[in-house]
Amino acid sequence: MSVPIVRDLAALRELTRGWQRNGEVIGVVPTMGALHDGHLSLVAAAKQRADRVIVTIFVNPKQFNNPEDLENYPRTEEDDARKLARFEVDAILAPEGDTMYPPGFSTNVSVAGLTDVLCGAHRPGHFDGVATVVTKLFRQTAADLAFFGEKDFQQLQVVRRLSRDLDLGVEVVGCPTIREIDGLAMSSRNLLLSDRARVKAPRLHEVMEEIKEGLIAGRAMSELVPPALAALERADFLKVDYLELRSCDTLSLLETPTEPARLLAAAYLAGVRLIDNIDVPAQG
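Presented here is a report on the structure given in the accompanying data block. (Residues numbered from 1 in each chain as written. Predicted model: local features only at pLDDT ≥ 70, side-chain atom pairs only at ≥ 80, totals over all residues. Heavy atoms only, no water.)

### A word on unusual backbone geometry
Residue A34 is not a glycine yet carries a positive backbone phi of 50°. What makes A34 buried here is its relative accessible area of 4%. At A270, a position not held by glycine, the phi torsion is positive, near 50°. One can find A270 in the loop between strand 9 (261–269) and strand 10 (272–280). Owing to a relative accessible area of 60%, A270 belongs among the exposed residues under this scheme. (Buried < 20%, exposed > 50% of the residue type's maximum accessible area, 1.4 Å probe, protein only. Helix = DSSP H or I, 4+ residues; strand = E, 2+ residues; numbered from the N terminus.)

Encoded structure:
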């Protein structure tokens, strides 16, 4: 079975209006392509909860603050379509750039507070780009449900707040991070790692698990982070944007897990920026 690839918004509306007339629930899985098992787990979750499933593939230029990063981002639409065929999704929305951002486009969607820290602090404008494109995709697909991975935890929280604040009527469903057998969080960016770097990449997750064990044992982040950074440097992670404990709900900075928390990290290995996060239960 092949999946119809829709590039024209009028054709997409014709599909979605028919589904809505029939009272069918529409689920959307927004992606930038280069699909891996993490993405496909979102598709499987969508198939369980929605009558109709749309997967979007659009490498969104507005969420890249580095032109070289945008240029190098993997684009594998044909392979992606083959992977999606076995899930029998109802459509792939793969719009052209001018369709999403026509000449004269001047609207920007911004979510304050949640976007000022972590990746937002190191990638100016990134989450404005995410919020803008997600708002458009929700409207274009007439989604009732939207599925996002917890691997991009800050993005998940931003999209949840966006949907709530703008009354978009879309339930944002978070799905667990899918990992390689060695613990590395699955990501399209992993394709950019050299063989040598790929061997070292799981050290990020290992160090984070060590910090989590320390937190559960009653130690504080100020004690745990310096040796963790040293361990990452020995593994050739030469730049760490952040390694922080944050509140799950507000993303406020924590020294110890006094409430449900996430340990979040972003680090560069051989020029590739890797992100990860793990849940840390409240202690005491």
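### Focus on the pattern of salt bridges
Scanning all chains against the criterion turns up 20 salt bridges. Across the pair D182 and R198 runs a salt bridge whose closest N-O atoms are separated by 2.9 Å. Note that D182 is positioned in the loop between strand 6 (171–175) and helix 9 (195–200) and R198 in helix 9, a separation of 16 residues in sequence. Residue classification places D182 among the partly exposed positions, given a relative accessible area of 33%. (Salt bridge = Lys/Arg side-chain N within 4 Å of Asp/Glu carboxyl O.)

### Structural notes on the packing of helix 7 (residues 126–141) against helix 8 (residues 153–165)
Interaxial distance between helix 7 and helix 8 falls to 10 Å at its minimum, and their mutual angle equals 50°. Comparing the axis directions of helix 7 and helix 8 gives the class oblique. When the axes of helix 7 and helix 8 are compared, the crossing they make is right-handed. Along its contact with helix 7, which presents F127, V130, A131, V134, T135 and F138, the element helix 8 presents Q154, Q155, V158, V159, L162 and S163. Partitioning the contact of helix 7 with helix 8 into residue classes produces eight nonpolar, four polar and no charged. (Axes fitted to C-alpha atoms, helices over the stretch in contact; angles between N-to-C directions. Parallel < 35°, antiparallel > 145°, perpendicular 65-115°, else oblique. Left-handed = near helix turned anticlockwise from the far one by under 90°. Contact = heavy atoms within 4.5 Å. Nonpolar A, V, L, I, M, F, W, Y, C, P; charged D, E, K, R; others polar.)

### A closer look at helix 7
Over its 16 residues, helix 7 runs 22 Å from end to end, which matches the ideal 22 Å to within 8%, given 1.5 Å per residue. Burial analysis of helix 7 places 13 of its 16 residues in the buried class, the great majority of the element. A142, located one to two residues past helix 7, shows a positive phi value of around 55°. (Expected span 1.5 Å × (residues − 1).)

### Overview of the environment of C119
Counting through the fold element by element, C119 comes out in helix 6 (residues 119–122). C119 sits 103 residues away from S222 along the chain, and the two C-alpha atoms are 20 Å apart.

### Observations regarding the sheet that holds strand 9
Read from one edge of the open sheet, four strands run 8-7-9-10, paired in antiparallel fashion. Two strands close off the open sheet at either side, each with one partner strand: strand 8 (253–254) and strand 10. Relative to strand 10, strand 9 runs antiparallel, the two sharing nine bridges. Residue pairing across strands places A261 opposite V280, the latter belonging to strand 10. On the sheet, helix 11 (residues 221–234) packs against strand 7 (237–247), strand 8 and strand 9 and is oriented at approximately 155° with respect to strand 7. (Pairing = 2+ DSSP bridges.)

### Some thoughts on the packing of aromatic side chains
Within this structure, the stated rule accounts for four aromatic pairs. With a centroid separation of 5.7 Å and 75° between ring planes, the pair formed by F64 and Y73 is classed as edge-to-face. The exposure class assigned to F64 is buried, which follows from its relative accessible area of 11%. Residue classification places Y73 among the buried residues on the basis of a relative accessible area of 9%. Taking 5.0 Å as the distance between ring centres and 75° as the angle between the ring planes, the aromatic pair formed by Y101 and F105 counts as edge-to-face. Site record: aromatic cluster; members linked through ring pairs are F58, Y101 and F105. Lying over the aromatic face of Y101, K62 brings its terminal NZ or CZ to 4.9 Å of the ring centre. (Phe/Tyr/Trp six-rings, centres within 6.5 Å; stacked < 30°, edge-to-face > 60°. Lys NZ or Arg CZ within 6 Å of the ring centre and 35° of its normal.)

### A short note on the nonpolar core
Across soluble globular proteins, nonpolar side chains show a tendency to be buried alongside one another. Counting residues in each nonpolar core, the largest one holds 43 residues, and the members touching the most others are V133, V134, F138, F148, V159 and Y242. Residue assignment for this core shows that the elements contributing at least two residues are helix 1 (9–21), strand 2 (26–31), strand 4 (91–93), helix 7, strand 5 (145–149), helix 8 and strand 9. In terms of nonpolar packing, the next biggest core, distinct from the first, is built from 29 residues, V207, F237, A265 and I278 among them. (Core = buried A, V, L, I, M, F, W, Y, C linked by side-chain atoms within 4.5 Å.)

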